[in-house]
Amino acid sequence: MPLLLRPCFRSLRRLLVTSVCILTAILTYMTLIQSGSWKVLFGSDVSESADMPFVIRSANTKGQACVPPTLSVWPNSLKALYARKPRPLRCAVAGPNWVHVDNGTFRISAQFRKSHGHVKCAYTPILRLANDMKVVEGATDTDMRDGRPITSDFFKANCRASDGSVRDDLISGIAYKDEVHKRRPAPGQPDPAALPLNVLMFGFDSTSHMSWMRMLPRTHRYFTEALGGVVLDAYNIVGDGTPQALLPILTGLNEMELPEVRRGHSGANRVDGHPWVWKRFREAGYATQWGEDGAEYGTFQYRMLGFKEQPVDHYMRPFYLAAERQYKRHYPYCLGSVPRHLNMLNWVRQFFDMYPHMPKFSFLFHSELSHDGLNDLQLVDKDTEAFLRAMNASGYLDNTLLILMADHGARFSSARQSVQGKFEERMPYMGFRFPASFERKYSEVMRNLRTNVHRLTTPYDIHATFLDILKYDSSVNQGDIRQRGISLLKEIPRERTCVDAGIDAHWCVCLAWEAVSTDDTNVKAAANAIIRLINELTDVKRHLCQSLNLKYVKSAVRYSPSDRVLRYRGSKDRDGRVADLSGTISAAEVLYQLTIITTPGGGVFEATVKHSLNRNQFSANVKEISRINKYGQQPHCVADELPHLRQFCYCRSQIQ
Ligand SMILES: *[C@@H]1O[C@H](CO)[C@@H](O)[C@H](O)[C@H]1NC(C)=O
Ligand SMILES: *[C@@H]1O[C@H](CO)[C@@H](O)[C@H](O)[C@H]1NC(C)=O
């Protein structure tokens, strides 16, 4: 190209590039607007009207000492945190893994052999050495054949095909273990009263109840609607961070009550001596499985000394120790051509495949997708739902207690800066699903569980539930309030408070309440909001139903977030034991619970009204109004046609 023309050409090219960019931007904008994903990306009130506006309703907590807050699935205060849409997960281009494990057997993909010819693989076991910190490679079998049993749960497969292509993969499976298959329960075990259930618990780190519903809607729907699972609405953490959730669940005790196991503290031991619940399950004849990703920050290894002995029959830590070293070589969240979350779910599935006739305890905890940000979790929604579907389709859920859970909600400071964010941190997802056959046989258990959905519950209760499964006492139906942990198979007492449940004040989500004078101006405004709503409801039949007026307010109680929850900023120390209460967030809303008398007709109504403080707005919700005296014949003029108006309509014909 002549030298002179070059600059010309360059600016022409720049012009072209710029125009293409602008055009693309305009097209993208129009597509987004049309598809509505604009709103998803940048937040708007549309998602607010999603079909699950409020999940925690104080109406269900009538007469309870603990009234938990009303949380919204898409509160304005948290929308900005969810604005980023993650890029779809894409793993290596090299096609499916050449090697996989099928019920303890080494398999080389038949499809791959067809296209690439004979495949020769070297098998190198990945083995745990002496403690939780070291893995080593065992002796390599240079000619591992398709169909042979694997000798370790984890291994490296280095394969070469006759067409010259090569492949290295790190694989996880469940190897045949004779001593587990031959395991018999300890003498006197299992207890004759034990419930015949496997336990399958699967968790995501840092996922609040609301965040799970936002990011894993398909999984949540399948779990609650198709499988009939229930999610605890007032499940309250008891400390800061993952160990403070998992220790109470797995041992029934908190870190301070357990022996010293922290690195760098004199007299510290490894964590083997803790009363781990999987030991109890093993004694009862169960095969056991536990694992978490993020080996570098292991829950019991980062601040603590970890295990000396392998704690369960199938322990995934050695796999992650080996795998994390080579994460840099892989696509984000992938290991070769397999997404890492799928690899973990698949490992659970393989455990169930290996022990179809033995009772099983499995707990896997996934953190890398949800620990550092809120948005990436949505990438695994479909896969998690598909995993549950497949487990059900194989019949594995027919005799399994399925628990979907998290340790706590988001803890980073931007999430902690709103009142709902503070509640979300304290209220992780905790869902239970018993098999349908169990429901028929133990209807009282299911009744209690459904009642407990609204009652104050904690990680200690999850542990108590496990013990109840191992030795179910059917003679007791009511939980004992004096016990810190109460099995969810028993009815949690209505009177339970955070003090009873072992929850420190700055973690306690129960709203603080105080009686308020019935003359208080806010109480008057709240009462008017109730009257307004009642009259709005009957407005369609105004020619028949008299509009109601307030006669007087009988009683009023105010519920607001507790001061210590609002002031909590974080932990002062790295062990999460000392609270920093120097925060300055103030409540955005308070709730009023009123009993009012209306006229004409003398209706007595109990209702909850939300007072949004910054807009000074009072709003009542039809779900939270109940008529507590008899309406008798008062609504006769609409009773048949519009039964939902019965409690609100006073027929005009009665006024003389
Ligand atoms: C898997 O292998 C074990 C051990 O050989 C066997 O007991 C079990 O039935 C097998 N599971 C399936 C699903 O075939
Ligand atoms: C669970 O699996 C059974 C048996 O395969 C099937 O009939 C049922 O519809 C499944 N249920 C759900 C909720 O997927």
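Rules of the game
- Residues numbered from 1 in each chain as written.
- Chains lettered and ligands numbered in written order.
- Predicted model: local features only at pLDDT ≥ 70, side-chain atom pairs only at ≥ 80, totals over all residues.
- Heavy atoms only, no water.
- Helix = DSSP H or I, 4+ residues; strand = E, 2+ residues; numbered from the N terminus.
- Contact = heavy atoms within 4.5 Å.
- Near = heavy atom within 4 Å.
- Polar contact = N/O pair within 3.5 Å; in protein donor to acceptor, adjacent residues only side chain to side chain.
- Buried < 20%, exposed > 50% of the residue type's maximum accessible area, 1.4 Å probe, protein only.
- Domains from an automatic or database assignment.
- Buried area = accessible area lost by both parts, 1.4 Å probe.
- Patch = residues over 30% accessible without salt bridge, like charges linked within 9 Å, V, L, I, M, F, W, Y side chains within 5 Å.
- Areas by Shrake-Rupley, 256 points an atom, 1.4 Å probe, with all protein chains shown as cover.
- Salt bridge = Lys/Arg side-chain N within 4 Å of Asp/Glu carboxyl O.
- Nonpolar A, V, L, I, M, F, W, Y, C, P; charged D, E, K, R; others polar.
- Pairing = 2+ DSSP bridges.
- Phe/Tyr/Trp six-rings, centres within 6.5 Å; stacked < 30°, edge-to-face > 60°.
- Lys NZ or Arg CZ within 6 Å of the ring centre and 35° of its normal.
- Axes fitted to C-alpha atoms, helices over the stretch in contact; angles between N-to-C directions.
- pLDDT = per-residue confidence, 0-100.
- Disulfide = S-S within 2.5 Å.

Caption draft 1: Region of interest: the side chain of Ser 109. Here Ser 109 lies in the loop between strand E2 (105–108) and helix H4 (110–116). Apart from residues lying up to four places away in sequence, Ser 109 is in contact with Asn 97 and Trp 98.

Caption draft 2: Seen up close, the side chain of Ser 562. Position of Ser 562 relative to the elements: it lies in the loop between strand E18 (549–560) and helix H19 (563–567). Excluding its chain neighbours within four sequence positions, the residues that come into contact with Ser 562 are Ala 505 and Ala 512.

Caption draft 3: Quick peek at the site of ligand 2. Taken together, Tyr 222, Ala 226, Asn 392 and Ala 393 form the complete shell of residues around ligand 2. At a separation of 2.7 Å, an oxygen atom of ligand 2 approaches a polar side-chain atom of Tyr 222. The contact in question runs from an oxygen atom of ligand 2 to an N or O atom on the side chain of Asn 392, over 2.4 Å. Every element with two or more residues in the shell around ligand 2 is listed here: helix H7 (217–226) and helix H12 (381–393).

Caption draft 4: The arrangement of helix H10 (residues 317–325) in detail. Here H10 lies mainly inside the structure; eight of its nine residues are buried. The set of residues buried in H10 consists of Arg 317, Pro 318, Phe 319, Tyr 320, Leu 321, Ala 322, Ala 323 and Glu 324.

Caption draft 5: Here's a closer look at the domain arrangement of the chain. Per the domain assignment, the segments making up the chain are domain 1 (3–82 + 512–654) and domain 2 (197–316 + 338–501). At the junction of the two partners, domain 1 supplies 37 residues and domain 2 supplies 39 residues. Summed over both sides, the interface of domain 1 with domain 2 buries roughly 3,500 Å², with 61% coming from carbon and sulfur. Its largest share of buried area at the contact with domain 2, domain 1 owes to Leu 81, Tyr 82 and Arg 577, together 19% of the area lost on that side.

Caption draft 6: Fine view of a nonpolar patch on the surface. The grouping of Leu 127, Leu 129 and Val 136 at the surface amounts to a nonpolar patch, some 200 Å² of accessible area in total. For Leu 129, the location among the structural elements is in the loop between strand E3 (119–128) and strand E4 (135–137). Exposure remark for Leu 129: the relative accessible area of 37% places this residue in the partly exposed category.

Caption draft 7: Fine view of the site of ligand 1. In the vicinity of ligand 1, the residues found are Asn 103, Tyr 176, His 181, Asp 353, Met 354 and Pro 356. Within the side chain of Asn 103, an N or O atom sits 2.5 Å from an oxygen atom of ligand 1. Coverage of ligand 1 by the protein chains reaches 51% of its 360 Å² of free accessible surface. Class assignment of the residues belonging to the shell around ligand 1 gives a composition of three nonpolar, two polar and one charged.

Caption draft 8: Spotlight on the pairing of strand E22 (residues 604–612). Along E22, seven of the nine residues are buried, which leaves the element largely enclosed by surrounding structure. Where strand E21 (residues 589–599) folds back on E22, the antiparallel hairpin that results is connected by four residues, among which Gly 601 adopts a positive phi of roughly 105°. Pairing of E22 with strand E23 (residues 617–627), which is carried by seven bridges, proceeds in the antiparallel orientation. Pairing of Val 609 across the sheet is with Ala 620, part of E23. The turn joining E22 and E23, which pair antiparallel and follow one another in sequence, is formed by four residues; a positive phi near 45° is taken by Asn 616.

Caption draft 9: View of the packing of aromatic side chains. Within the structure shown, the criterion is met by 35 aromatic pairs. Aromatic pair Phe 361 and Phe 466: ring centres 5.8 Å apart, planes at 85°, arrangement edge-to-face. Residue Phe 361 is located in strand E14 (residues 360–366), and its partner Phe 466 is located in helix H16 (residues 459–470); the two are separated by 105 residues in the primary sequence. The two residues Phe 361 and Phe 466 agree in class, both being buried. Aromatic pair Trp 507 and Tyr 568: ring centres 4.6 Å apart, planes at 55°, arrangement tilted. Highlighted residues: Trp 507 in the loop between helix H17 (498–501) and strand E17 (512–515) and Tyr 568 in the loop between H19 and strand E19 (570–571), separated in sequence by 61 residues. Judged on exposure class, the residue Trp 507 and its partner Tyr 568 are both buried. The rings of Trp 276, Trp 278, Trp 290, Phe 300, Phe 307, Tyr 315, Phe 363 and Phe 365 are connected pair by pair, giving a single aromatic cluster. Above the ring of Trp 74, the side-chain terminus of Arg 214 is found at 5.9 Å from the ring centroid.

Caption draft 10: Here's a closer look at the sheet that holds E17. Read from one edge of the open sheet, five strands run E17-E18-E21-E22-E23, paired in antiparallel fashion. The outermost strands of the open sheet, each flanked by one partner alone, are E17 and E23. Strand-to-strand twist of the sheet, defined as the mean angle between neighbouring strand axes without regard to direction, takes the value 30°. Strands in contact with helix H18 (residues 521–538) are E18, E21, E22 and E23; relative to E23, the strand with the most contacts, it is inclined by about 60°.

Caption draft 11: Looking closely at the confidence of the model for the chain. Here the chain averages 88 in pLDDT, and 90% of its residues register 70 or above. For the stretch residues 1–5, pLDDT sits under 50, and the model shows two contacts to residues farther than four places along the chain or on other chains. Contacts for the low-pLDDT stretch residues 28–59, under 50 throughout, to residues beyond four places or in other chains number 57 contacts.

Caption draft 12: Region of the structure containing the state of the cysteines. Across all of its chains, the model carries six disulfides by this definition. Sulfur-sulfur distance for the disulfide between Cys 66 and Cys 510 comes to 2.0 Å. One disulfide, between Cys 66 and Cys 510, carries an S-S torsion of -95° and so falls in the left-handed class. Within this pair, whereas Cys 66 is found in the loop between helix H2 (37–42) and helix H3 (76–79), its partner Cys 510 is found in the loop between H17 and E17, the two being separated by 444 residues in sequence. Neither Cys 66 nor Cys 510 differs from the other in exposure class; each is buried. Disulfide pairing places Cys 91 opposite Cys 334 at an S-S distance of 1.9 Å.

Caption draft 13: Spotlight on the pairing of strand E15 (residues 400–405). Burial of E15 is extensive: six of the six residues sit out of reach of the surface. Neither face of E15 is exposed, since Thr 400, Leu 402 and Leu 404 on one face and Leu 401, Ile 403 and Met 405 on the opposite face are all buried. In the sheet, strand E8 (residues 198–204) pairs with E15 via six bridges, with the strands oriented parallel. Residue pairing for E15: Asn 198 is matched across the bridge by Thr 400. With four bridges connecting them, E15 and strand E16 (residues 430–433) associate as antiparallel partners.

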